[in-house]
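Read off the chains here:
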Amino acid sequence: MTTITEVRDGRSTGGGGGGEGGGFAGAAAAEWTKLWSLRSTWWGLASAAGLMTLMSFILATSTASNNTNEITTDDQGVVSVSGIAVGAIDLVQFVPVTLAILVITAEYATGGIRAALQWVPVRGRMLGAKAAVVAAVTAPAGMVLAVLGTAVAGPGLGRWGRFSFGDAAADVLNVGVYLALICVFSLGIGAVLRSTAGALTAAFLLLMMIPMLLSNSPIPALRHVSDSLPSSAGRHFMAAEPGPYPALVGLLILVAWAAAVMVAAIAVLKRRDA
Amino acid sequence: MITLRGLTKRFGDRVAVSDLTLDIAPGKVTGFLGPNGAGKSTTMRMILGLDRPTAGQALIGGRPYGTLPRPLLEVGALLDAKAAHPGRTARAHLLAMARSNGIPARRVDQVLDTVGLTAVARKRAGSFSLGMGQRLGIAGALLGDPRVLLFDEPVNGLDPDGVLWVRRLMRSLAAEGRTVFVSSHLMSEMQQTADRLVVIGKGRLLVDAPVAEVIAASSRNAVRVRTPDPGRLRALLAGEPGPPQVTPAPGTHGTADAASGAGAVGGALVVTGVPIERIGTLCHHAGVPLYELSPQEASLEEAYMELTGASVEYATGGPATAGSATAESASASTAGV
């Protein structure tokens, strides 16, 4: 133990990437290192890309075939190429959502949560750093996925595809923002529920099953509920055609969901023994 | 310096830690002992701000853990050997840890070297043995060069070499003026490592004293007497207040003593409850010849068993092991629970 001065030096020099040493910057740097030092992160992102390629191709070719078959009721005519990628994210999102959930539930499963809280005892800072890293990874990942989906959808649609650079850029940006928010939302669910299986089930129900069931309901009130759920809000935010409310409102609803779950998760973490 | 003030933790109806008040001083190795479920780990978790106390406070240098701006520079802890994600390499685990508190990355390689894991630094923690996991945990505890160190069962799974290394490490950390608080079930290990003992049972403080004092207070401290005339010795001692306990010295059973020539022991007695000086004087006045008169100091294990006998949380139905005085005393005490 001859290194007292050396370690303490980190305090004055800021320890390289650690800012003032520790604090939120340190917590985020640690989470960043943790995320990228796991193979599951790389595998997850790679399989998200694979799934996006597959989904966009299927959606594009089925649109083209619907337009050319003998049934006319299913014709969609010429559609936006990047819109296919937006549609595909409905399903593809569950891969990055799983990664976001694992960021916290894997720590509960392995006991790593106690290490995480020893390093960063302030609950809000620990979870906030995770959320920041999840958003910083999933926003660009969502954009890459959208570009990929668009690139695959183009040839798949052929003459039934309409491409404008402006639309595509907006869609790519929107998918990135949507995915980041939905992943932060899922991270919060993971923090509250602690179990990977539980959080995945909850995310699947909230993002997929419940909106699907409610949106087909004959009761208008239930359809309104469906429209106010995070994935529906996200769909209206990303959609080109007008929905029940303006796109910006969809974004705000989504932000509100993510923020509410995070606030709840921090409150739970503060009360709960690790 | 670790300060506990009225520290209490309840889980529902069960009281895990009850009104614990004590100071754990720097420059010493303080052993933390108690039966399973006595509240040792809960206490350590409260010190680290992981569990919220129901009442009272746990302070480090006068501050709760959660308010330390860079806690790893103040407190290093080894809680369990599996704290690292099994999919992460040892180096990545420590690097993330270092970044969280702004500790320079070169320090990671230093502590890896200190604990002897340099060769496997890029192997995933999931492939580590229990002993290697312990070493990684100890590396993490040392990372921030903290003044306060907490170790929960640090020698678990270590080979004899590793046990010796941990013992020397604890001693040298304490010699550097650090506060070393270490829990263990291995009494012989504690006897060699600790300066002071804190013993809890069922969440309550039983003892907070130097190791030597704990052993000296044990009723198992005895005197071994060898005489050609054990009958007269017994008669002499029967007149003493108490009366003292006189038993044949162990060696009448057990293969080890038989092999080493137990016959030569003939007439050796173990006497408890009379000071050694008194036995010597009595025999001198009565003219009883003595071949041997030697103090038999209780082991820490025996002293500990006496202390915690009544507060064993998970008592077994009967003696799990037979033969040794220790096992007998443990089963005798648990029978009364």
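Residues numbered from 1 in each chain as written. Chains lettered and ligands numbered in written order. Predicted model: local features only at pLDDT ≥ 70, side-chain atom pairs only at ≥ 80, totals over all residues.

Engineer: Would you take a moment to explain the overall build of chain B for this structure?
Structural biologist: Each helix and strand counted, chain B has 12 helices and 13 strands in total. In chain B, which comprises 337 residues, the proportion classed as buried is 44%. Taking all contacts inside chain B whose residues are at least 6 apart in sequence as the whole, residues at least 24 apart take part in 70%. (Helix = DSSP H or I, 4+ residues; strand = E, 2+ residues; numbered from the N terminus. Buried ≥ 20, exposed ≤ 12 C-beta atoms within 10 Å, placed from the backbone. Contact = placed C-beta atoms within 7 Å.)

Engineer: How should I be thinking about the overall build of chain A in this particular structure?
Structural biologist: Assigned secondary structure in chain A consists of 12 helices and 2 strands. By principal-axis analysis of the C-alpha atoms, chain A measures approximately 80 × 40 × 30 Å. Taking all 274 residues of chain A together, 50% fall into the buried category. A separation threshold of at least 6 residues defines the contact pool for chain A, and within that pool the share at least 24 residues apart is 77%.

Engineer: Looking at this model, I keep getting lost on the confidence of the model for chain A. Mind explaining?
Structural biologist: Caution is warranted with low-pLDDT regions, since their predicted coordinates should not be read in detail. Residues and elements named next belong to chain A. With 93% of its residues at a pLDDT of at least 70, chain A reaches an overall mean of 91. Within the model, the stretch residues 1-5 combines pLDDT values under 50 with 7 contacts to residues more than four positions away or in other chains. Ignoring residues within four places in sequence, the model shows residues 9-19, a span with pLDDT below 50, making 29 contacts including any to other chains. (pLDDT = per-residue confidence, 0-100.)

Engineer: What am I meant to see in the sheet that holds strand β1 (residues 2-11) of chain B here?
Structural biologist: The pairing of strands in a sheet happens through backbone hydrogen bonds and is either parallel or antiparallel. Residue and element names in this part refer to chain B. In space, the 3 strands of this open sheet follow the order β2-β1-β4, with antiparallel pairing throughout. Only two strands of the sheet have a single neighbouring strand rather than two, namely β2 (14-24) and β4 (55-60). Across the sheet, the mean angle from the axis of one strand to that of its neighbour is 20°, orientation sign disregarded. Relative to β4, β1 is paired through 5 bridges, and the arrangement is antiparallel. Residue pairing in the sheet places Leu4 in a bridge with Ala58 of β4. (Pairing = 2+ DSSP bridges. Axes fitted to C-alpha atoms, helices over the stretch in contact; angles between N-to-C directions.)

Engineer: Would you mind showing me how to read the environment of B:Gly309 here?
Structural biologist: All names here are of chain B. Summarising the element assignment, Gly309 is placed in the loop between α11 (300-308) and α12 (325-335). Residue classification places Gly309 among the buried residues on the basis of 20 C-beta atoms within 10 Å. For the pair Gly309 and Pro35, spaced 274 residues apart in sequence, the C-alpha separation works out to 9.0 Å.

Engineer: What's the story with the sheet that holds strand β11 (residues 245-248) of chain B in this structure? I'm lost.
Structural biologist: Residues and elements named next belong to chain B. Here 4 strands make up an open sheet; going across it, the order is β11-β12-β10-β13 and the pairing antiparallel. Each of the sheet's edge strands pairs with one partner strand only, and the pair in question is β11 and β13 (292-296). Within this sheet the neighbouring strands show an average axis-to-axis angle of 25°, counted without direction. Bridge analysis of strand β10 (residues 222-226) against strand β12 (residues 268-272) gives 4 bridges, and the strand direction is antiparallel. Across the sheet, Arg226 pairs through a bridge with Ala268, a residue of β12. Here helix α8 (residues 230-238) sits on the sheet in contact with β10, β11 and β12, set at roughly 10° to β12. In the packing of helix α10 (residues 276-286) onto the sheet, the strands contacted are β10, β12 and β13, and the crossing angle to β13 comes to about 165°.

Engineer: Just checking my understanding: could you explain the interface of chain B and chain A for this structure?
Structural biologist: Chain B puts 39 residues into the contact, and the matching count from chain A is 41 residues. Among the secondary structure elements, those contributing two or more residues to the side of chain B that touches chain A are α2 (90-100) and α3 (106-114) of chain B. Ranked by the residues each element gives to the side of chain B that touches chain A, the list is headed by α2(B), at 6 residues. Residue composition of the side of chain B that touches chain A, grouped by class: 19 nonpolar, 10 polar and 10 charged. (Nonpolar A, V, L, I, M, F, W, Y, C, P; charged D, E, K, R; others polar.)

Engineer: I'm lost on the packing of helix α7 (residues 123-157) of chain A against helix α12 (residues 247-271) of chain A in this one. Help?
Structural biologist: The description of two helices packed together rests on the angle between their axes and the distance between the axes. All names here are of chain A. Their axes nearest at 9 Å, the elements α7 and α12 cross at an angle of 140°. One way to sum up the angle between α7 and α12 is to call them oblique. Helix-helix and strand crossings are classified by hand; for α7 and α12 the assignment is right-handed. Here α7 contributes Arg123, Gly124, Leu127 and Ala131 to the contact with α12, which in turn contributes Met262, Ala265, Ile266, Leu269 and Lys270. (Parallel < 35°, antiparallel > 145°, perpendicular 65-115°, else oblique. Left-handed = near helix turned anticlockwise from the far one by under 90°.)

Engineer: Help me understand unusual backbone geometry, please; the structure alone is not making it clear to me.
Structural biologist: Glycine aside, residues mostly have negative phi angles, and peptide bonds mostly take the trans form. All names here are of chain B. The backbone of Glu153 shows a phi angle near 50°, a positive value even though the residue is not glycine. Here Glu153 is to be found in the loop between β6 (148-152) and α5 (160-175). For Glu153, a count of 18 C-beta atoms within 10 Å corresponds to the partly exposed category. Phi at Lys202 is positive, roughly 50°, even though this residue is not glycine. Secondary-structure assignment places Lys202 in the loop between β8 (196-201) and β9 (204-210).

Engineer: Looking at this structure, I do not really get helix α8 (residues 165-193) of chain A. What am I missing?
Structural biologist: Because the α-helix completes a turn every 3.6 residues, residues three or four places apart line up on one side. All names here are of chain A. The terminal C-alpha atoms of α8 lie 42 Å apart, and with 29 residues this matches the ideal 42 Å at 1.5 Å per residue to within 8%. In terms of residue burial, α8 counts as a mostly covered element, since 23 of its 29 residues are buried. Where α8 terminates, the next one or two residues include Arg194, which has phi positive at roughly 70°. (Expected span 1.5 Å × (residues − 1).)

Engineer: Before we go on, may I ask you to explain the nonpolar core in this structure?
Structural biologist: Burial of nonpolar side chains together is a common tendency in soluble globular proteins. A:Val134, A:Val175, A:Val184, A:Leu187, B:Leu94 and B:Ala139 are the most contacted members of the largest nonpolar core, which has 164 residues in total. Ignoring any residue separated from it by four or fewer positions in sequence, one finds A:Val184 in contact with A:Ala131, A:Val134, A:Ala135, A:Ala258 and A:Met262. Core analysis: the next-biggest nonpolar cluster, separate from the first, contains 12 residues, B:Val225, B:Leu233, B:Ala249 and B:Val271 among them. (Core = buried A, V, L, I, M, F, W, Y, C linked by C-beta atoms within 7 Å.)

Engineer: Help me out: how do you make sense of the pairing of strand β3 (residues 28-33) of chain B in this one?
Structural biologist: Consecutive side chains along a regular strand alternate between the two faces of the sheet. Residue and element names in this part refer to chain B. The buried fraction of β3 is high, at 5 of 6 residues. By the bridge criterion, 5 bridges tie β3 to strand β7 (residues 179-183) in an arrangement that is parallel. Residue pairing in the sheet places Phe32 in a bridge with Ser183 of β7. For β3 and β8, the ladder comprises 4 bridges, and the chain directions are parallel.

Engineer: Where do I start with the packing of helix α3 (residues 39-68) of chain A against helix α4 (residues 81-92) of chain A in this structure?
Structural biologist: All names here are of chain A. The N-to-C vectors of α3 and α4 enclose an angle of 125°; their axes lie 9 Å apart at closest approach. Compared by their axis directions, α3 and α4 come out oblique. The interaxial crossing formed by α3 with α4 has right-handed handedness. For the pair formed by α3 and α4, the contact residues are Ala48, Leu51, Met52, Met55, Ser56, Leu59 and Ala60 on the first element and Ile84, Ala85, Gly87, Ala88, Leu91 and Val92 on the second. Of the residues assigned to the contact of α3 with α4, the class counts are 11 nonpolar, 2 polar and no charged.

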